[in-house]
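This is what each chain is made of:
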Amino acid sequence: MPAAETDQSLLQKAGLRVTRPRLAVLAAVRQHPHADTESIIEAVRADLGEVSHQAVYDVLRALHTAGLIRRIQPSGTYARYEARVGDNHHHVVCRSCGVIADVDCAIGEAPCLTASNDHGFRIDEAEVIYWGLCPDCSKAP
Ligand SMILES: [Zn+2]
Ligand SMILES: [Zn+2]
Ligand SMILES: [Zn+2]
C-alpha cells in the first residue's frame, strides 16, 4: 500500500480532513525523524511549492493534537517532530552537536518510571532524555 493511502486513512481516522498540506507535512515528518520546524518547512516546500510558515505551523499543531505526530523539545533546543508515536520511546541527545537518536523504552508504556513519592498525583508520563556525546563528537579532539 502506498504511504499516501496510509497517511490519508490516518488523517481520516483522526477526524481530520485530508488536505495536501497535511499529507505533505505528515510525509516530511515521517521522512525526517526529529526534524525541527524549519527543516520540515523546507521539505514541504520541496514537495508542494510555496507554503507559508504559518500554514506548516498550523498543520503541525493539528497533527500533534490529533496524536499523529509527537513533539519533543529537549531543553535548550528547538521543538522537533516525529511520526513514531504511541510506543513511549525515549531520546538520546548529543550535548555538542544536538543530534538526536531514538532509544526504545525498556517497559514501552508510560510512565516507565515509578516515582518514589507521587504526592498523590496520578502520574501518566515520565519524560526521559539521555544526554551525552555522540560517536562523532566524542572522537573530536
Ligand atoms: Zn554530536
Ligand atoms: Zn524519536
Ligand atoms: Zn522508558
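See the structure printed just above.
Residues numbered from 1 in each chain as written. Chains lettered and ligands numbered in written order. Predicted model: local features only at pLDDT ≥ 70, side-chain atom pairs only at ≥ 80, totals over all residues. Heavy atoms only, no water.

Visitor: Sorry if this is basic, but what is going on with the overall build of the chain here?
Guide: Helices and strands together make up the secondary structure of the chain, namely five helices and six strands. Referenced to the eigenvectors of the C-alpha coordinate spread, the extents of the chain come out at roughly 45 × 45 × 30 Å. Pairs at least 24 residues apart make up 41% of the contacts formed inside the chain by residues separated by at least 6 positions. With an accessible surface of roughly 9000 Å², the chain has 51% of that area assigned to carbon and sulfur atoms. The chain carries 14 positive and 18 negative side-chain charges, and their two centres are separated by 3 Å. (Helix = DSSP H or I, 4+ residues; strand = E, 2+ residues; numbered from the N terminus. Contact = heavy atoms within 4.5 Å. Areas by Shrake-Rupley, 256 points an atom, 1.4 Å probe, with all protein chains shown as cover. Lys, Arg positive; Asp, Glu negative; His and termini not counted. Charge placed at Lys NZ, Arg CZ, Asp CG, Glu CD.)

Visitor: Hey, could you run me through the pattern of salt bridges in this one?
Guide: Should the charged atoms of two oppositely charged side chains come close, the side chains can pair. For the structure shown, the criterion picks out eight salt bridges. Across the salt bridge formed by Asp-7 and Arg-30, the nearest N and O atoms sit 2.3 Å from each other. One end of the pair, Asp-7, is in helix H1 (residues 3–13); the other, Arg-30, is in helix H2 (residues 20–31), with 23 residues separating them in the sequence. A salt bridge links Arg-84 to Asp-87; the shortest N-O distance between them is 2.5 Å. Look at Asp-87 and you get partly exposed, because its relative accessible area is 24%. Members of the salt-bridge network, linked through shared partners, are Arg-84, Asp-87, Asp-102 and Asp-104. (Salt bridge = Lys/Arg side-chain N within 4 Å of Asp/Glu carboxyl O. Buried < 20%, exposed > 50% of the residue type's maximum accessible area, 1.4 Å probe, protein only.)

Visitor: Honestly, the coordination of the zinc ion (ligand 3) in this entry has me stumped. Any pointers?
Guide: For a metal with four donors in a tetrahedral arrangement, the ideal angle between donors is 109.5 degrees, while six donors in an octahedron ideally sit at 90 or 180 degrees. With distances of 2.0 to 2.4 Å, the protein atoms coordinating the zinc ion (ligand 3) are His-90 (NE2), Cys-105 (SG) and Cys-112 (SG). Every donor residue of the zinc ion (ligand 3) comes from the same chain, spaced as H-x14-C-x6-C. Here His-90 is found in strand S4 (residues 90–94), whereas its partner Cys-105 is found in the loop between strand S5 (100–103) and strand S6 (129–132), with 15 residues between them in sequence. Judged on exposure class, the residue His-90 and its partner Cys-105 are both buried. (Donors = N, O, S within 2.8 Å, 3.2 Å for Na, K, Ca; no water.)

Visitor: Mind showing me how you'd approach the sheet that holds strand S3 (residues 80–82) here?
Guide: Pairing between the strands of a sheet comes from backbone hydrogen bonds, and it takes one of two forms, parallel or antiparallel. Strand order in the open sheet formed by three strands is S1-S3-S2, with antiparallel pairing between adjacent strands. In this open sheet, the two strands that pair with only one neighbour each are strand S1 (35–36) and strand S2 (70–72). Inspection of the sheet shows S2 paired to S3 by three bridges, in the antiparallel sense. Following the sheet pairing, Ile-72 is matched in S3 by Arg-80. (Pairing = 2+ DSSP bridges.)

Visitor: Would you mind going over the side chain of His-90 with me for this structure?
Guide: Given the relative accessible area of 5%, His-90 is considered buried. In this structure His-90 touches Ala-101, Asp-102, Val-103, Cys-105, Cys-112, Ala-126, Val-128 and Tyr-130, once residues within four positions along its chain are discounted.

Function cannot be read off these values alone, since they describe shape.
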